[in-house]
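This is what each chain is made of:
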Amino acid sequence: LSLEELLSGVTKKMKITRKSVSPGRSTEYTFEIQVKPGWKAGTKLTYAGEGDEYAPGQAQDVVFVIKEKPHDRFQRSGSDLIYKVRGVKLVDALTGFTFHLETLDKRRISVDIQDVVSPNYTKIVRGEGFPKSKEPGQKGDLVITFDVVYPKHLSLSAKQQIRNALQ
């Protein structure tokens, strides 16, 4: 499932073919699976007695396991969403900047960075992650990391000006 589907919840139809030895039991069956907002990869849904029938009235279980598709902009870590801002200029990393991003639910949010962005700096936007399935009404966070682009060359005078400004 996509991160968008796992964020908001979705109904999926899954059709299976099963073996049957009882008359009147269909060999094809369609499940309607209600994926709840915030479910994680690895969540198992078991449908008892809906699988292959190996003796009259004795059928195996069908188990569906939630899998998460990779996303081009976000990664998931539990209930948190991870987002990497690429190409941040060094001057912006040192002096602050604002950027905009589109969330998984198609909202556009503005994030203001006033801190100095160091190599391990992260910005946390509270409540912009996934719903916490075991804590109704609670959401994880959006964790933002930064890829700062350093200049390839600086003149001697530029280096001296930077050195003077930072001392």
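Scroll up to find the structure this text is about.
This report concerns the structure included in the present document. (Residues numbered from 1 in each chain as written. Predicted model: local features only at pLDDT ≥ 70, side-chain atom pairs only at ≥ 80, totals over all residues. Heavy atoms only, no water.)

1. A closer look at the packing of aromatic side chains
Geometrically, a pair of aromatic rings is defined through the distance of the ring centres and the angle of the planes. Definition in use: Stacked, tilted and edge-to-face pairs are distinguished by plane angle, under 30 degrees for stacked and over 60 for edge-to-face with tilted covering the rest, among Phe, Tyr and Trp rings (Trp via its six-membered ring) whose centres lie within 6.5 Å. Counting from the N terminus, the helices are DSSP H or I runs at least four residues long and the strands are E runs at least two residues long. Partly exposed describes any residue whose relative accessible area lies between the buried limit of under 20% and the exposed limit of over 50%, with all areas from a 1.4 Å probe on protein chains only and scaled to the type maximum. The rule is short: NZ of Lys or CZ of Arg within 6 Å of the ring centre and within 35 degrees of the ring normal puts a charge over the ring.
Using the criterion set out here, one finds nine aromatic pairs in the structure. Consider the rings of Y47 and F64, whose centres lie 5.9 Å apart with planes at 80°: the pair is edge-to-face. Highlighted residues: Y47 in strand β3 (residues 44-47) and F64 in strand β6 (residues 62-65), separated in sequence by 17 residues. Assessed through its relative accessible area of 23%, Y47 is described here as partly exposed. Between the aromatic rings of F97 and F99, the centroid separation amounts to 6.1 Å while the plane-to-plane angle is 35°, which identifies the pairing as tilted. Among the residues examined, F99 registers a relative accessible area of 10% and is labelled buried. Geometry around F130 places R76 over its ring, the cationic atom sitting 3.8 Å from the centre.

2. Some details on the pattern of salt bridges
When charged atoms on two side chains of opposite charge get close, those side chains can pair. The condition that has to hold: Take a side-chain nitrogen of Lys or Arg and a carboxyl oxygen of Asp or Glu: if they are within 4 Å of each other, that pair is a salt bridge.
For the coordinates displayed, the defined rule picks out nine salt bridges. For R18, the salt bridge identified is with E50, shortest N-O distance 3.0 Å. Residue R18 is located in the loop between β1 (10-17) and β2 (28-35), and its partner E50 is located in the loop between β3 and β4 (53-55); the two are separated by 32 residues in the primary sequence. Each of the salt bridges in this network shares a partner with another, and the network as a whole consists of D105, R107 and E128.

3. Remarks on the environment of Y47
Note the following rule: Contacts were defined at the residue level, with two residues in contact if any of their heavy atoms lie within 4.5 Å.
For the pair Y47 and V63, spaced 16 residues apart in sequence, the C-alpha to C-alpha distance is 6.3 Å. In contact with Y47, other than residues within four places in its own chain, are F31, E32, I33, D61, V62 and F64.

4. Structural notes on unusual backbone geometry
Here the phi dihedral of K106 falls at roughly 70°; this positive angle occurs in a residue that is not glycine. Within the element layout of this structure, K106 appears in the loop between β9 (97-102) and β10 (108-113). Relative accessible area serves as the criterion here: at 59%, K106 is assigned to the exposed category.

5. Digging into the sheet that holds strand β12 (residues 142-149)
Paired through backbone hydrogen bonds, the strands of a sheet run either parallel or antiparallel to each other. The line we're drawing: Strands pair, by our definition, only if DSSP identifies at least two bridges between them. Working convention: axes come from line fits to C-alpha atoms, limited for helices to the stretch in contact. Angles between N-to-C directions cover 0 to 180 degrees.
On the basis of which strands lie adjacent, the open sheet formed by four strands has the order β7-β8-β12-β11 and mixed pairing. The open sheet is flanked by β7 (74-77) and β11 (122-125), the only strands paired with a single partner. Each neighbouring strand pair of the sheet contributes to a mean axis angle of 30°, computed without reference to strand direction. Two strands pair when backbone bridges link them, and strand β8 (residues 80-89) and β12 are joined in this way by seven bridges, in the parallel orientation. By the bridge assignment for β12, V85 is matched with F146.

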